[in-house]
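Residue-level structural notes
Now for the letters of each chain:
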Amino acid sequence: MATLGRRADGMSLSQLAEHLGLAEGTVSRALNNYPDIAAKTRERVANAAREFGYRPSSAARRLARGVIETVGFVLPARGAHLSDPFLSEILDGLAVELAAHDWDLIVAAVPEDHDEIEVMDRLVKSGKVGSFVITRTRRQDPRVAFLKSSNLPFVVHGRTDEHDDYSWLDVDNKKAFVDAVTYLHGLGHRRIAMLGGDTEMNFAWLRRAGYLQAMEDLGLELAPGYLVDNVADGAGVANAMAGLLALAPAPTGIVCVTDSVAIDAIAAIRRAGLTPGREISVTGYDGLATGAAIDPPLTTMSQASYEAGREVGRMILALHNSTKPQISHILWEAKLTLRASANPPVTAPAN
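Let us look at the structure shown here.

Criteria and thresholds
- Residues numbered from 1 in each chain as written.
- Predicted model: local features only at pLDDT ≥ 70, side-chain atom pairs only at ≥ 80, totals over all residues.
- Heavy atoms only, no water.
- Buried < 20%, exposed > 50% of the residue type's maximum accessible area, 1.4 Å probe, protein only.
- Helix = DSSP H or I, 4+ residues; strand = E, 2+ residues; numbered from the N terminus.
- Pairing = 2+ DSSP bridges.
- Right-handed = clockwise from strand over helix to strand, strands pointing away.
- Salt bridge = Lys/Arg side-chain N within 4 Å of Asp/Glu carboxyl O.
- Lys, Arg positive; Asp, Glu negative; His and termini not counted.
- Polar contact = N/O pair within 3.5 Å; in protein donor to acceptor, adjacent residues only side chain to side chain.
- Contact = heavy atoms within 4.5 Å.
- Axes fitted to C-alpha atoms, helices over the stretch in contact; angles between N-to-C directions.
- Parallel < 35°, antiparallel > 145°, perpendicular 65-115°, else oblique.
- Nonpolar A, V, L, I, M, F, W, Y, C, P; charged D, E, K, R; others polar.
- Core = buried A, V, L, I, M, F, W, Y, C linked by side-chain atoms within 4.5 Å.
- Expected span 1.5 Å × (residues − 1).
- Phe/Tyr/Trp six-rings, centres within 6.5 Å; stacked < 30°, edge-to-face > 60°.
- Lys NZ or Arg CZ within 6 Å of the ring centre and 35° of its normal.

The alternating pattern of strand 6 (residues 192-195) places Ile192 and Met194 on one face and Ala193 and Leu195 on the opposite face, and all of these are buried. Note that strand 6 and strand 8 (residues 253-256) share 4 bridges and pair parallel. Each bridged residue has a counterpart across the sheet, and for Met194 the counterpart in strand 8 is Val255. In terms of strand pairing, strand 6 meets strand 7 (residues 227-228) through 2 bridges, oriented parallel. For Met194, the partnering residue across the bridge sits in strand 7 and is Leu227. Note that the unit made of strand 6, helix 10 (residues 202-217) and strand 7 has a crossover that is right-handed.

Structure representation (structure tokens):
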């Protein structure tokens, strides 16, 4: 048996095998926990690898296991998505978790004349990815149908209408908006409006459902014009707020589908000569850092986007590493984060 007089971080598999007096194939299979290698041999090889700082290359490990240790994330090539801080936090957490296990993440944008399925199919056929993570799910999402048919492991951040037969992690969007409306009601608000999102998106649909449920449960009137769907960007928020402020009576509280919409709503209220957080209270959803930095700081339903990315990474790794992968369903709750944008109304509510 050869001896090595110093720690060699760049040690090759052949050197480690020579040191141990084993065949390279035996060492490789031991390092990859193949069951046909005796437990004592696996332990001996692992101890030697740690002692001499041996780390198998990603390419060698992938070849040995027959697993493509790269996760695909297809991002629509639209400005709002590319600059979305929520998506940035999800991707950051996912990338960190995968990197901790020497896995890679490929983020692919979709050209304007293509769709997401085309890009996903190209990545699958190229052999560049062995699994996918998707988010911002539609109620009926063709990406989920494609991934089911591809037989590749995948995890969804979010859900579709039908979600029993694949792994997902989501936040209870419906309950979050029940909680937001209930909070404003507890402050004394009785005229509560909502700036909602694209109702084809499941998260927006569920947040809308939570708003409607709370309004009904609390016996609050859903006045005409109080629920505005499909609000997405600055111009859309400005138009929606102009419509709400023109109502008689105007709402005293507004729940917004995202923090970005809420921040634009606060700006629109201020441009109208009103004081956000005083004449009109505003709540958001996401818990983005930018919400704490505006004036007034934004009351919001916070979700742990970065930690969600980490957890989704753990879920996709578990699907690969288990001999009998189990479907996982994880539902988190958003946390009400109190700041200065929501306060009791200036006029006391009627009894």
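Turning our eyes to something else, we now look at the pattern of salt bridges. The full count for this structure, using the stated rule, is 15 salt bridges. The salt bridge partner of Lys175 is Asp179, with a shortest N-O separation of 2.8 Å. Pair noted here: Lys175 and Asp179 are both in helix 9 (residues 173-187), with a separation of 4 residues, about one helical turn. By relative accessible area, which is 31% here, Lys175 ends up partly exposed.

As for its position among the elements, Asp286 is in strand 9 (residues 281-286). Arg207 provides the closest opposite charge to the buried, salt-bridge-free Asp286, at an N-O distance of 4.6 Å. Of the polar contacts made by the side chain of Asp286, one reaches the side chain of Gln303; its length is 2.8 Å. The contacts of Asp286, once residues within four sequence positions are left out, are Phe86, Thr258, Asp259, Thr300, Met301, Ser302 and Gln303.

Let's shift gears to the sheet that holds strand 12 (residues 335-337). With mixed pairing, the 6 strands of this open sheet are ordered in space as 7-6-8-9-10-12. In the strand order of this sheet, the two ends are held by strand 7 and strand 12, each with one partner. Packed onto the sheet, helix 11 (residues 234-245) meets strand 6, strand 7 and strand 8 and runs at close to 160° relative to strand 6. With respect to the sheet, helix 12 (residues 259-271) is in contact with strand 6, strand 8, strand 9 and strand 10 (299-302), its orientation differing from that of strand 9 by roughly 155°.

Here Met301 lies in strand 10. On the basis of relative accessibility, which here comes to 1%, the residue Met301 falls in the buried class. Taking the C-alpha atoms as reference points, Met301 and Gly284, separated by 17 residues in sequence, lie 6.3 Å from one another. Aside from chain neighbours lying at most four places away, what touches Met301 is Ala176, Asp179, Ala180, Gly284, Tyr285, Asp286, Gly287, Ala334, Lys335 and Leu336.

Turning our eyes to something else, we now look at the packing of helix 1 (residues 13-20) against helix 2 (residues 24-31). At a minimum axis separation of 9 Å, helix 1 and helix 2 run at an interaxial angle of 100°. Classified by the angle their axes make, helix 1 and helix 2 are roughly perpendicular. On the side of helix 1, the interface is formed by Leu13, Ser14, Leu16, Ala17 and Leu20, while helix 2 contributes Glu24, Val27, Ser28 and Leu31. Of the residues belonging to the contact of helix 1 with helix 2, the class tally is 6 nonpolar, 2 polar and 1 charged.

Among the nonpolar cores identified, the biggest contains 43 residues, and Leu195 and Met241 are the most heavily contacted of them. Counting residues per element, the ones that place at least two in this core are helix 9, strand 6, helix 10, helix 11, strand 8, helix 12 and strand 9. Apart from the residues lying within four places of it in its own chain, the contact partners of Met241 are Leu195, Ile254, Ala265, Ala268 and Ile269. Among the nonpolar cores identified, the runner-up in size contains 20 residues, and Leu91, Leu94, Leu169 and Ile316 belong to it.

With respect to the helices, strands and loops of the structure, Ser281 is situated in strand 9. Here Ser281 falls in the buried class, since its relative accessible area comes to 0%. Contact partners of Ser281, with chain neighbours within four places excluded, come to Leu184, His189, Thr252, Gly253, Ile254, Ser341, Ala342 and Asn343.

A regular strand places its side chains on the two faces of the sheet in alternate fashion. The side-chain alternation of strand 8 yields two buried faces, one formed by Gly253 and Val255 and the other by Ile254 and Cys256. Across 3 bridges, the pairing between strand 8 and strand 9 is parallel. Of the residues in strand 9, the one forming a bridge with Ile254 is Val282. On the question of chirality, the crossover connecting strand 8 to the parallel strand 9 by way of helix 12 is right-handed.

In this model helix 14 (residues 305-321) runs 24 Å from its N-terminal to its C-terminal C-alpha over 17 residues, within 8% of the 24 Å that 1.5 Å per residue would give. All of the buried residues along helix 14 are Ser305, Ala308, Gly309, Glu311, Val312, Gly313, Met315, Ile316, Leu317, Leu319 and His320.

Take the packing of aromatic side chains next. Given two aromatic rings, their pairing is described by the distance between the two centres and the angle made by the two planes. Within the structure shown, the criterion is met by 2 aromatic pairs. Taking 5.9 Å as the distance between ring centres and 25° as the angle between the ring planes, the aromatic pair formed by Phe177 and Tyr285 counts as stacked. Of the two residues, Phe177 sits in helix 9 while Tyr285 sits in strand 9, which places them 108 residues apart along the sequence. With a relative accessible area of 1%, Phe177 lands in the buried category. Positioned above the aromatic ring of Phe203 is the side chain of Arg136, whose terminal nitrogen or guanidinium carbon lies 4.7 Å from the ring centre. Between Arg159 and the ring centre of Trp168, over which it is positioned, the NZ or CZ distance is 4.9 Å.

Everything listed here is a matter of geometry and, on its own, says nothing about what the molecule does.
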